[in-house]
Amino acid sequence: MRTATARAHPNIALVKYWGKADEELILPVAGSMSMTLDAFATTTTVTLDPGAESDVFVLNGSPATGTALARTTRFLDHVRELAGSSARARVDSVNEAPTAAGLASSASGFAALALAASRAFGLELDERALSRLARRGSGSACRSVVDRYAVWHAGTDDATSYAEPIEAPDLRLVIVTVDGAQKAVSSREGMRRTAATSPFYDAWISSTARTLEDMVRACAAGDLEQIGGITESHALRMHAVIASSEPPVRYLAPASVAVFDAAAALRAEGVFAHATADAGPNVCVLTTPGEAERVAAAVSPHGRVRIVGPGPGAHLVDEPVAAAAAEEVAR
Ligand code: DP6
């Protein structure tokens, strides 16, 4: 029986991806840059089942249906095409992120699935090819293939759109899970709406390309102030272009804004603290290892906090996801 197990972590973008140039291939309108986290892993076992008529996807012990199963099957179709196989597969996945943490599990999920499925189907992909494959499941997943810090080159076609590692200073993110609104509009849908309706979309695309160049230079130079400044202003620019869609979309809740204020107050005291947020109300505050505890204490009135650092890219593991462990998580 052909089987493989892989583990991958979510990533948080410091220069954001928002908008697709190609929906089918998931090519972004601009490049982005992220930190792969050392927490909230997804572990996925893929086992070929040549006798089966359809794929099975078990997430945290429960069989998935609907969109989650359809997206997995579509992804496996792509792997089957690459491998020249028609075998169906069973996918067992355990996600360590608490659902309420609101951390997008699609990045860790598709990065782990790309590695486990490619191996189970007999493909030996290098990091670039694996990143391109993960991108087909979810754009941001191509960055979770990479250790620590990644740049996703926008590219112009399937071959040129991939993530690769870059050097950057050792940083921490204080993740603040704020109470409040559930995500109303998915990233995928929100991106479509912004592209179709925002009068600022062209400016978003051209300015993000420049911002990414500035960020890569700042990382290479170890220029913390630049890295922090770009992180916060680019996140707010993304939320601004999203808010300018019709009908408008607003992901930040009052408590999210309070965390941005807390970061500003910390900066006024000389602490390195710069906030960012994805397509939801939770906020991450970028800081240094030495200041992370102080930042965590300062933002703790606004939600549950967790300090995370740069972590490993997608990698194979020996131990398959045991059905029993998966069921344990589900309970
Ligand atoms: C706000 O990668 O989840 O987190 O490609 O449609 O699957 P799809 O979208 P996804 O979008 C992530 C958007 C973001 C910014 C980022 O991670 O760069």
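A. Representation of unusual backbone geometry. Residue Glu246 is joined to Pro247 through a cis peptide bond whose omega torsion reads -15 degrees. Note that Pro247 resides in the loop between helix H7 (224–243) and helix H8 (254–268). Positioned with a positive phi, Ile26 is a non-glycine residue whose angle comes to about 55 degrees. Structurally, Ile26 is set in the loop between strand S3 (20–22) and strand S4 (27–28). Backbone geometry at Asn60 places phi at a positive 50 degrees, although glycine is not the residue there. Here Asn60 shows up in the loop between strand S7 (56–59) and strand S8 (62–63).

B. Here's a closer look at the site of the ligand. As a structural note, the neighbourhood of the ligand is formed by 18 residues, with Tyr17, Lys20, Ser138, Ser140 and Arg188 the closest of them. At 2.7 Å from an oxygen atom of the ligand is found a side-chain nitrogen or oxygen belonging to Ser140. Interatomic distance of 2.7 Å between a side-chain N/O atom of Arg188 and an oxygen atom of the ligand. With the chains in place, 95% of the 460 Å² that the ligand exposes on its own is no longer accessible. It is helix H5 (residues 187–197) that provides the largest number of residues to the shell around the ligand, a total of three residues. Tallied by class, residues from the shell around the ligand come to seven nonpolar, five polar and six charged.

C. Region of the structure containing the nonpolar core. Ranked by size, the top nonpolar core spans 30 residues in total, and within it Val46, Phe75, Leu76, Val79, Leu113 and Phe121 carry the most contacts. When residues of this core are traced back to their parent elements, those giving at least two are strand S1 (3–8), strand S6 (42–49), helix H1 (66–83), strand S9 (88–95), helix H2 (105–120) and helix H3 (127–137).

D. A look at the packing of aromatic side chains. If you walk through the whole model with that rule in mind, you get three aromatic pairs. Ring geometry for Tyr17 against Trp152: centres 4.7 Å apart, planes inclined by 65 degrees, an arrangement best described as edge-to-face. Here Tyr17 is found in the loop between strand S2 (11–15) and S3, whereas its partner Trp152 is found in strand S10 (residues 149–153), with 135 residues between them in sequence. You'll find Tyr17 and Trp152 in the same group, each marked buried. Over the aromatic face of Phe40 sits the side chain of Arg306, whose NZ or CZ is 4.8 Å from the ring centroid.

Reading the values: the criteria
- Residues numbered from 1 in each chain as written.
- Predicted model: local features only at pLDDT ≥ 70, side-chain atom pairs only at ≥ 80, totals over all residues.
- Heavy atoms only, no water.
- Helix = DSSP H or I, 4+ residues; strand = E, 2+ residues; numbered from the N terminus.
- Near = heavy atom within 4 Å.
- Polar contact = N/O pair within 3.5 Å; in protein donor to acceptor, adjacent residues only side chain to side chain.
- Areas by Shrake-Rupley, 256 points an atom, 1.4 Å probe, with all protein chains shown as cover.
- Nonpolar A, V, L, I, M, F, W, Y, C, P; charged D, E, K, R; others polar.
- Core = buried A, V, L, I, M, F, W, Y, C linked by side-chain atoms within 4.5 Å.
- Buried < 20%, exposed > 50% of the residue type's maximum accessible area, 1.4 Å probe, protein only.
- Phe/Tyr/Trp six-rings, centres within 6.5 Å; stacked < 30°, edge-to-face > 60°.
- Lys NZ or Arg CZ within 6 Å of the ring centre and 35° of its normal.

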